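Each chain, letter by letter, is given below.
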Amino acid sequence: MDSLPLPSQKSDQDKLWDIQKDDPHQDPHIVRINDIIESLQSYYPHADTALIEKAYIFSAKAHQGQIRLSGEPYLTHPLHVAYILTKMKMDDLCVVTGILHDTMEDTSTSLETIRDLFGPHVASLADGLTKISKINFSSTEEQQAENFRKMILAMAQDIRVILIKLADRIHNMRTLEFLSSEKQSTIAQETLDIYSSIANRLGIDWIKTELEDLSLKFLHPKEFHYLDEMIRSKKKERNQYVQKVKKIISEKLEQFNIYHEVVGRLKHYYSIYQKMLRQKIDFDQVYDLIAFRIIVNSIKDCYAALGIIHSLWTPVPGRFKDFIAMPKANMYQSLHTTVIGPYGERMEIQIRTSDMHKIAEEGIAAHWRYKESGKEVDKQYNQLFSWLRQMLEWQQELKDPGEFLETFRIDLFPQEVYVFTPHGDVRSFPKGATPIDFAYAIHTNVGHQCIGARANGRMVPLAYELKNGDTIEIITSKNQKPGKDWLKIVKTSHARTKIRQWIRLTEREDDIQTGREACEREFKRYHLNFTHLLKSGKIGKVMEDIGFNNLQDFLIAIGHGKIQISHVIQKLIPPEELDKKLKIISKKSESKPKSADSSSGVHVKGLDHILINFAKCCSPLPGDKIIGYITKGRGVTIHLEMCPRLLETSKERRVEVSWDRTKELSRSVKIKILSQDKPGLLSELTGAITKLKSNIKKANVITTGTQQGVSTFELEVKDLTHLESIINHIKKIKGVIEVSRIKM
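Residues numbered from 1 in each chain as written. Predicted model: local features only at pLDDT ≥ 70, side-chain atom pairs only at ≥ 80, totals over all residues. Heavy atoms only, no water.

Caption draft 1: Quick look at the overall build of the chain. Along its length, the chain carries 31 helices and 20 strands. For the chain, with 744 residues in total, the buried portion stands at 50%. Split by element, the accessible area of the chain, about 37800 Å² in all, is 49% carbon and sulfur. (Helix = DSSP H or I, 4+ residues; strand = E, 2+ residues; numbered from the N terminus. Buried < 20%, exposed > 50% of the residue type's maximum accessible area, 1.4 Å probe, protein only. Areas by Shrake-Rupley, 256 points an atom, 1.4 Å probe, with all protein chains shown as cover.)

Caption draft 2: Structural view of the pattern of salt bridges. This structure, assessed with the given rule, holds eleven salt bridges. For D91, the salt bridge goes to R160, with nearest N and O atoms at 2.9 Å. Of the two residues, D91 is situated in the loop between helix 4 (76–87) and helix 5 (92–100) and R160 in helix 10 (residues 159–174); the sequence distance between them amounts to 69 residues. Each member of the pair D91 and R160 is classed as buried. (Salt bridge = Lys/Arg side-chain N within 4 Å of Asp/Glu carboxyl O.)

Caption draft 3: Structural context of the pairing of strand 1 (residues 260–266). Taking burial as the measure, the seven residues of strand 1 include seven buried ones, the bulk of the element. Residues of strand 1 alternate between two faces, with H260, V262, G264 and L266 on one and E261, V263 and R265 on the opposite face, all of them buried. Of the pairings in the sheet, the one linking strand 1 to strand 2 (residues 290–296) comprises seven bridges and is antiparallel in character. Its bridge partner being in strand 2, H260 is matched across the sheet by V296. (Pairing = 2+ DSSP bridges.)

Caption draft 4: Just helix 25 (residues 538–545), in detail. Listed in full, the buried residues belonging to helix 25 are I539, V542 and M543. Axial view of helix 25: buried residues confined to an arc of 105 degrees, hence all on one face. Within helix 25, the exposed residues directed more than 90 degrees away from the buried face are K538, K541, E544 and D545. Two residues or fewer past helix 25, G547 is found with a positive phi of approximately 95 degrees. (Arc of directions from axis to C-beta.)

Caption draft 5: Fine view of the sheet that holds strand 12 (residues 612–614). Taken together, four strands build an open sheet; the order of strands is 12-14-13-15 and the sheet is mixed. Edge strands, defined here as strands with exactly one partner in the open sheet, are strand 12 and strand 15 (654–655). Inspection of the sheet shows strand 12 paired to strand 14 (residues 635–640) by three bridges, in the parallel sense. Each bridged residue has a counterpart across the sheet, and for N613 the counterpart in strand 14 is T637.

Caption draft 6: Geometry of the packing of aromatic side chains. By the definition in use, this model includes eight aromatic pairs. On the basis of an interplanar angle of 40 degrees and a centroid distance of 6.0 Å, the ring pair of Y241 and Y343 is categorised as tilted. Linking Y241 in helix 14 (residues 235–255) with Y343 in the loop between strand 4 (335–340) and strand 5 (346–353), this pair joins segments that are 102 residues apart in sequence. Under the relative-accessibility criterion, Y241 is labelled buried at 14%. You can call Y343 exposed: its relative accessible area is 55%. With centroids separated by 6.0 Å and ring planes inclined at 10 degrees, the aromatic side chains of F614 and W659 adopt a geometry described as stacked. Here the residue F614 occupies a position in strand 12, and W659 occupies one in strand 16 (residues 657–659), the gap between them amounting to 45 residues. For W659, a relative accessible area of 13% translates into the label buried. By the ring-pair criterion, three or more aromatic residues cluster together here, those being Y241, F292 and Y343. We note K54 situated over the ring of F118; from NZ or CZ to the ring centre the distance is 5.4 Å. The aromatic ring of F614 is capped on one face by R667, whose charged end is 3.9 Å from the ring centroid. (Phe/Tyr/Trp six-rings, centres within 6.5 Å; stacked < 30°, edge-to-face > 60°. Lys NZ or Arg CZ within 6 Å of the ring centre and 35° of its normal.)

Caption draft 7: Seen up close, unusual backbone geometry. The phi dihedral of N456 is positive, around 60 degrees, even though this residue is not glycine. With respect to the element layout, N456 can be found in the loop between strand 8 (450–455) and strand 9 (458–460). For K693, which is not glycine, the phi dihedral falls at a positive 60 degrees. Along the chain, K693 falls in the loop between helix 30 (681–691) and strand 18 (695–703). Owing to a relative accessible area of 71%, K693 belongs among the exposed residues under this scheme.

Caption draft 8: Structural view of the environment of V242. Note that V242 resides in helix 14. On a C-alpha basis, the gap between V242 and R265 in space is 8.4 Å, while along the polypeptide they are 23 residues apart.

Caption draft 9: Inspection of the sheet that holds strand 20 (residues 736–742) at higher detail. Read from one edge to the other, the open sheet built from four strands follows the order 18-19-17-20, with strand pairing classed as antiparallel. Either end of the sheet is taken by a strand with one partner, and the two such strands are strand 18 and strand 20. Across the sheet, the axes of successive neighbouring strands diverge by a mean angle of 20 degrees, strand direction being ignored. Bridge count between strand 17 (residues 667–676) and strand 19 (residues 708–717): ten bridges; the pairing is antiparallel. Among the inter-strand pairings, S668 is bridged to a residue of strand 19, identified as E716. Contacts from helix 30 reach strand 17, strand 18, strand 19 and strand 20, with the element oriented near 20 degrees to strand 19. Set on the sheet, helix 31 (residues 720–731) makes contact with strand 17, strand 19 and strand 20; between it and strand 20 the angle comes to about 165 degrees. (Axes fitted to C-alpha atoms, helices over the stretch in contact; angles between N-to-C directions. Contact = heavy atoms within 4.5 Å.)

Caption draft 10: Here's a closer look at the confidence of the model for the chain. Taken as a whole, the chain shows an average pLDDT of 78; of its residues, 80% reach a score of 70 or greater. Highest mean pLDDT in the chain belongs to helix 16 (residues 299–312) (94); lowest belongs to helix 1 (residues 12–17) (36). (pLDDT = per-residue confidence, 0-100.)

Caption draft 11: Main features of the side chain of E714. By the secondary structure assignment, E714 is in strand 19. Residue class for E714 comes out buried when judged on its relative accessible area of 14%. Not counting residues up to four positions away in its chain, the partners in contact with E714 are S668, V669, K670, N695, I696, K697 and K698.

Caption draft 12: Looking closely at the side chain of E345. The residue E345 is located in the loop between strand 4 and strand 5 in this model. Although buried, E345 forms no salt bridge, and the nearest oppositely charged side chain, K244, lies 10 Å from it. In this structure the side chain of E345 is engaged in a polar contact, spanning 3.0 Å, whose partner is the backbone nitrogen of Y343. (Lys, Arg positive; Asp, Glu negative; His and termini not counted. Polar contact = N/O pair within 3.5 Å; in protein donor to acceptor, adjacent residues only side chain to side chain.)

Caption draft 13: Spotlight on the environment of V161. The residue V161 is located in helix 10 in this model. Along the sequence, V161 and G98 sit 63 residues apart, while their C-alpha atoms lie 9.6 Å from each other.

Caption draft 14: A look at the pairing of strand 8. In the sheet, strand 8 pairs with strand 10 (residues 472–476) via five bridges, with the strands oriented antiparallel. Looking at the pairing, G452 lines up with I475 of strand 10. Looking at chain direction, strand 8 and strand 9 are connected through three bridges and run antiparallel. Bridge pairing links A455 to R458 in strand 9. Count of turn residues in the strand 8/strand 9 antiparallel hairpin: two residues, of which N456 carries a positive phi of about 60 degrees.

Caption draft 15: Spotlight on the packing of helix 4 against helix 10. Contact pair helix 4 / helix 10: the axes reach a minimum separation of 9 Å and the direction vectors enclose 125 degrees. Of the possible angle classes, the one that applies to helix 4 and helix 10 is oblique. As helix 4 packs across helix 10, the resulting crossing turns out to be right-handed. Every residue of helix 10 that contacts helix 4 at T76, H77, H80, V81, I84 and L85 is listed here: L163, I164, A167, D168, I170, H171, N172 and R174. When the residues that make up the contact of helix 4 with helix 10 are grouped by side-chain class, the tally is seven nonpolar, five polar and two charged. (Parallel < 35°, antiparallel > 145°, perpendicular 65-115°, else oblique. Left-handed = near helix turned anticlockwise from the far one by under 90°. Nonpolar A, V, L, I, M, F, W, Y, C, P; charged D, E, K, R; others polar.)

Here is the structure:
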């Protein structure tokens, strides 16, 4: 029984891999505009050929007189790029952009001109290409190269921008011999680090392999030509081997009525070179130069073919991989096995369906799928793959590839932005990151002293969100210090940790100072000199008795109210002498007028005779649940228990406080009244407030333009009950819509 052909013909990519091909690294022929149109119409019969011809005429005029280093007219380059795009099955707008792609960079053509003549879609693609072309790849270190790759993908919101750039790079690499050896090495290394990896990620295998082989040719010419010579010298022998193996496989598959196609291919030069380096072997020791691919019609036939192959030749243990039952995270599917071939050599065989083959060879250029080859993919990427799989299903329902492409927008790294340092290095940050995040990524001191930033030479605020491709410069001052408000705008854990560490350190210093001041003030009342007692070692002994090893922790505990100073003094003064001093102090306090803190109306647990302040941010009233916060040089500040400002502070500096119900106080509070805008209402509001014996300190009334008014009053009230009584009374006034207390 003869081998039956599959429904689809062998693709251009298969031909590139076919073992019969002499040299895959040369341009096949001179490209003319008719070649481009013919190739495009072969898969896209409704393409706008008039637009393509218009782009050809425009590009020819724009590049008139320009010559490539090869001596050819410059126009040959954009035509080759456009032709490569048709081999990638791209739409007409993408091909038009390929023809025009250098006009904005190498001629006086503006983006506005492209938009006016060829429409917004072509202009958008051309603009995206120009932005990527301006990136200076200043480093080839692995991490930097990875960041560059991600930056390009992130900047190109339309995936066609990447595909045009890859087509541009392929043709430039094919004609690289006309540049100096130094430029050849630089461009080849950039191609290997950046563009071949991008092609790999997008699953376009034929572009990846060609770029890798061409990079090898110019980076290591001796090794490349050695491989080329060795491979060519064994061409006849290799072809005979391929034909023999193909015949054996085909005859066996035919016996089981499995429709198939068998392709023998030479592993590409770069992979052979890498294997020789990795295993430290010579070319003659590379026994698996040839790989075979069996393409069948169904998944059932894949497994049937695998069983047949294993019945023919002994499989190598540990070398079988089932990517059909368990596809890679990049959606690649195939069966891989290595067997001991007819001459005792190792032989790699891949088995897949025609659909799997198309995805494996052409990747996103054929089915718009995203591929991350050979790398572990996290949950975020898995979600992206699921989305792309759904996009594939939609695309299959569309007859017009252009229609799908025009609506296809992708952000491959939605949670990351990539920016430049002034030296050209790339740094990765989470989306929403600010110059403060950037500053701390450079150095902790740069972060602490950051007072401003420039993005692309323009001053921006510290809350500015970094954008892909920004060049960020940090402005510092030795007088600058981090603020707690920075914690609200930074995104990186590194910056947040460093800011918190600084805040804790400075708060610790404040706590030490607060504890020292409290000791000095209280010791003075007992005619004791804290500093002298410290130097004499007496304080040290007391510290040891109560479980402290160092002065700093002891003073912090004093400042936080965890240790009462009176307990320390009791250990320093004998009981009889202490009683005498207490009587003297008591008489003095009775003869003196009340101090400000004694009339504050607030008790602070563990601390006596300390200055009391009320926080303006929340204006606590007697009856409210309150917490005290120890502040340097300002005693204790009283906040509402749930005050947002208090919740941002260090818990160690909070102290327990309570209202002194024996004191009659008068505290300020603000209320807001939303009401109808009608004559006489303000008079009613003020009358209700004064009737309930509250003094109005300030009043502000505005109208909203919707026949409503907003009135803000600052009142003096006795306590929370007094305020609630005023609010309830105001609510009863006709025309009042809402009354609320302003706590911030």
